[in-house]
Amino acid sequence: MTADRRYRALLLGNWEFPREPAVLRNLAGPATDVVRLREVLTNPDCGLHRPEDVVVRTNLEISPMREEIEMFLGEGEPGDQLLLYYSGHGWKEDDGELYLCARDTTRRAIQSTTMSAATLARQAEASRASAKIVVLDCCNSGNYRFKGPASGRVFDGKGVAALTSSQPDLPSRDAAVLGQPSQFTGHLIAGLGGAATGRDGFLLLDDLYDYVHQRMRVEGAIRPTYRNKLIGLVALGRTRTVRNVEAEHGPRRLHEALRLEPANRAAAKRLLRRLSDEGGGWGVLAGMRLGDLATADGDDVTAAEAYAMVVEAGDPRWAAEAACRRGARLAAMGDAGRAAQAWRQAIEFDDPPWSPLAARELGRLLCDDPATTSVGLGYYSQALAGLDDPGLMLEAGDALRNASRHDEARALYRRLAGRRDPPWPSIGAERLSGLPPPWPPLSDDSHPPTSAR
């Protein structure tokens, strides 16, 4: 599969658009996207590319951007496998055509200050390289498959594949903060780095797409698109060996990171990140420790990402805890939707005590919104089935009382009142006294009427 093939890549990242600041805002992800993608493509443990065959270009204006793309594809030879990657803004015209934005893009001259997907696709199809893979991380990237209005053709031809970050006409997620990859590219990097499952020692393009699609589905994100008209099997990387990561490097590097923590916390976190990226059992431990350190430092983005790596590894000893902790960090960031997804994932692992704890957090979140209170109360019920926690009983009882489900609230308050560990009995009794009686009492003059004669 790889003996006679040369692997080449052109990685384009555009994040500054000074001519249209109100419409094309600066992006946080592309600067990190291209750097980390290059690292994983050229990593000797999992990559197939030589460093000299991966070219990175950033914040190009349209003329040099078009030139770089045309030369890269035009110089492809039989036996070459070309990967063309773009991270930036994608502009969609009314006819559905996609345009890749450059540093000097202006909407007053879209045709002359962008690279059209139709032109890119025609150049990819015309390239003499054996395999051409186009990867786009931008809004409307699913429109790369759009049928061009002039020719009416689908542009991807034989020997070409396209993997894009969104469905047609839909947005893509930028990175949450500077220094982190965008959502789609982050999963792409993780998959190439060992999280995706390959076969026969290689990670195929199909395998990578399956992994990225699954991760974005779990997160409730917009789904990527994939169109493959390649001939034969095409590998994008190698699958990591257990021997390299587990037996030789893992214990030593984890110990080194823990030793560094007191004196150089930043260096410790960098080492933990690299080890967690590699996967395996030691990578899982490194990811958990990285998440805990980042949480303690108030770096919720890094913590959530670290816990996500642990969840993706699927280790039954840690996955539920990591999903639960990830939900907490996402909630702290104000991302309630993804937090709910993480907690639901933790519940699905059916792991005591982390699944009940996740149900509690999800119940608390959903009960804050009157529209989802009834669903939230159901999650409180799940949590109570797995936890004997008086604080949870009080919390769930109060949520039931606020929803006017007084009989169910009364049952929980009675459980509290019957406990022997202070102060819960007195709290339970106090809450019971504040509920309306189980049925309205009859007033003194409320006698049943007598029958008329």
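Residues numbered from 1 in each chain as written. Predicted model: local features only at pLDDT ≥ 70, side-chain atom pairs only at ≥ 80, totals over all residues. Heavy atoms only, no water.

J.: Please clarify how the overall build of the protein should be interpreted in this entry.
T.: Looking only at helices and strands, one finds 17 helices and 11 strands in the protein. The dimensions of the protein, computed from C-alpha atoms along their principal axes, are 105 × 65 × 40 Å. For the protein, the residues scored as buried account for 51% of the 453 residues in total. Long-range contacts, defined as pairs at least 24 residues apart, comprise 65% of the intrachain contacts of the protein with a sequence gap of at least 6. A distance of 1 Å separates the average location of the 57 positive side-chain charges in the protein from that of its 61 negative side-chain charges. (Helix = DSSP H or I, 4+ residues; strand = E, 2+ residues; numbered from the N terminus. Buried < 20%, exposed > 50% of the residue type's maximum accessible area, 1.4 Å probe, protein only. Contact = heavy atoms within 4.5 Å. Lys, Arg positive; Asp, Glu negative; His and termini not counted. Charge placed at Lys NZ, Arg CZ, Asp CG, Glu CD.)

J.: Explain the packing of aromatic side chains to me, please; I cannot follow it from the model alone.
T.: Note on aromatic pairs: each is described by the distance of the centres and the angle between the planes. In this structure the tally under the stated criterion is 1 aromatic pair. Judged by centre distance (4.7 Å) and plane angle (25°), the ring pair of Tyr 209 and Tyr 226 falls under stacked. One end of the pair, Tyr 209, is in helix α6 (residues 205–218); the other, Tyr 226, is in strand β10 (residues 225–228), with 17 residues separating them in the sequence. Relative accessible area serves as the criterion here: at 17%, Tyr 209 is assigned to the buried category. (Phe/Tyr/Trp six-rings, centres within 6.5 Å; stacked < 30°, edge-to-face > 60°.)

J.: How do you make sense of the side chain of Asp 53 when you look at a structure like this?
T.: Residue position: Asp 53 is located in the loop between α1 (30–41) and β2 (54–58). Exposure remark for Asp 53: the relative accessible area of 7% places this residue in the buried category. Only 2.8 Å separates the side chain of Asp 53 from the side chain of Arg 6, close enough to count as a polar contact. Those residues in contact with Asp 53, other than ones at most four positions away along the chain, are Arg 6, Tyr 7, Arg 8 and Ala 9. (Polar contact = N/O pair within 3.5 Å; in protein donor to acceptor, adjacent residues only side chain to side chain.)

J.: Explain the sheet that holds strand β8 (residues 160–164) to me, please; I cannot follow it from the model alone.
T.: By way of backbone hydrogen bonds, the strands of a sheet pair with one another, either parallel or antiparallel. Here 6 strands make up an open sheet; going across it, the order is β2-β1-β3-β7-β8-β10 and the pairing mixed. The open sheet has two edge strands with one neighbour each: β2 and β10. Here the strands of the sheet are splayed against their neighbours by 10° on average, with no regard to which way each runs. Pairing of strand β1 (residues 6–13) with β2 involves 5 bridges; the strand directions are parallel. Its bridge partner lying in β2, Leu 12 is registered against Arg 57. The strands that α1 touches are β1, β2, β3 (80–87) and β7 (131–137); relative to β1, the one it contacts most, it runs at about 165°. Each of β3, β7 and β8 touches helix α5 (residues 183–195); the most contacted strand, β7, lies at about 135° to it. (Pairing = 2+ DSSP bridges. Axes fitted to C-alpha atoms, helices over the stretch in contact; angles between N-to-C directions.)

J.: Is there a simple way to explain the nonpolar core in this structure?
T.: Residues Leu 362 and Tyr 380 are the most contacted members of the largest nonpolar core, which totals 42 residues. Sequence-distant contacts of Leu 362, that is, excluding residues within four places in its chain, are made with Ala 340, Trp 343, Arg 344, Ile 347 and Tyr 379. Leu 10, Phe 72, Tyr 86 and Met 115 belong to the second largest nonpolar core, which has 34 residues in total. (Core = buried A, V, L, I, M, F, W, Y, C linked by side-chain atoms within 4.5 Å.)

J.: Quick question: what am I supposed to make of the packing of helix α13 (residues 354–367) against helix α15 (residues 390–402) here?
T.: A pair of packed helices is characterised by two quantities: the angle between their axes and the separation of those axes. At their nearest, the axes of α13 and α15 sit 11 Å apart, and the two run at 25° to each other. The angle between α13 and α15 places the two elements in the roughly parallel class. The two elements α13 and α15 meet at a crossing, and its hand is left-handed. Between α13 and α15, the contacting residues are Arg 360, Arg 364 and Cys 367 on the first element and Gly 391, Leu 392, Glu 395 and Ala 399 on the second. When grouped by side-chain class, the residues that make up the contact of α13 with α15 number 3 nonpolar, 1 polar and 3 charged. (Parallel < 35°, antiparallel > 145°, perpendicular 65-115°, else oblique. Left-handed = near helix turned anticlockwise from the far one by under 90°. Nonpolar A, V, L, I, M, F, W, Y, C, P; charged D, E, K, R; others polar.)

J.: Got a minute to help me understand the pattern of salt bridges in this structure?
T.: Oppositely charged side chains can pair when the atoms bearing their charge come close. For the coordinates displayed, the defined rule picks out 28 salt bridges. In this structure, Arg 128 engages Glu 77 in a salt bridge whose closest nitrogen and oxygen atoms are separated by 2.6 Å. Here the residue Arg 128 occupies a position in the loop between α4 (117–126) and β7, and Glu 77 occupies one in the loop between α2 (62–74) and β3, the gap between them amounting to 51 residues. Here Arg 410 and Asp 407 are joined by a salt bridge, their closest N and O atoms 2.9 Å apart. Taken as a pair, Arg 410 and Asp 407 lie in helix α16 (residues 406–417) at a separation of 3 residues, close to a single helical turn. Under the relative-accessibility criterion, Asp 407 is labelled exposed at 56%. Each of Arg 360, Glu 361, Arg 364, Asp 389 and Glu 395 takes part in a single network of salt bridges with overlapping partners. (Salt bridge = Lys/Arg side-chain N within 4 Å of Asp/Glu carboxyl O.)

J.: It is not clear to me how unusual backbone geometry should be interpreted in this structure. Could you clarify?
T.: Where the residue is not glycine, phi is negative for most of them; where a peptide bond is considered, it is trans in most cases. Each neighbour pair has its own omega, and for Pro 352 with Pro 353 the value is 0°, a cis peptide bond. As for its placement among the helices and strands, Pro 353 is situated in the loop between α12 (336–348) and α13. In this chain, Pro 422 is followed by Pro 423 through a cis amide linkage whose omega measures 0°. Counting through the fold element by element, Pro 423 comes out in the loop between α16 and α17 (424–433). A positive phi angle, near 50°, is found at Asn 59, a position not held by glycine. Within the secondary structure, Asn 59 sits in the loop between β2 and α2. Asn 59 sits in the buried class, given a relative accessible area of 15%. Phi at Asp 350 is positive, roughly 50°, even though this residue is not glycine.

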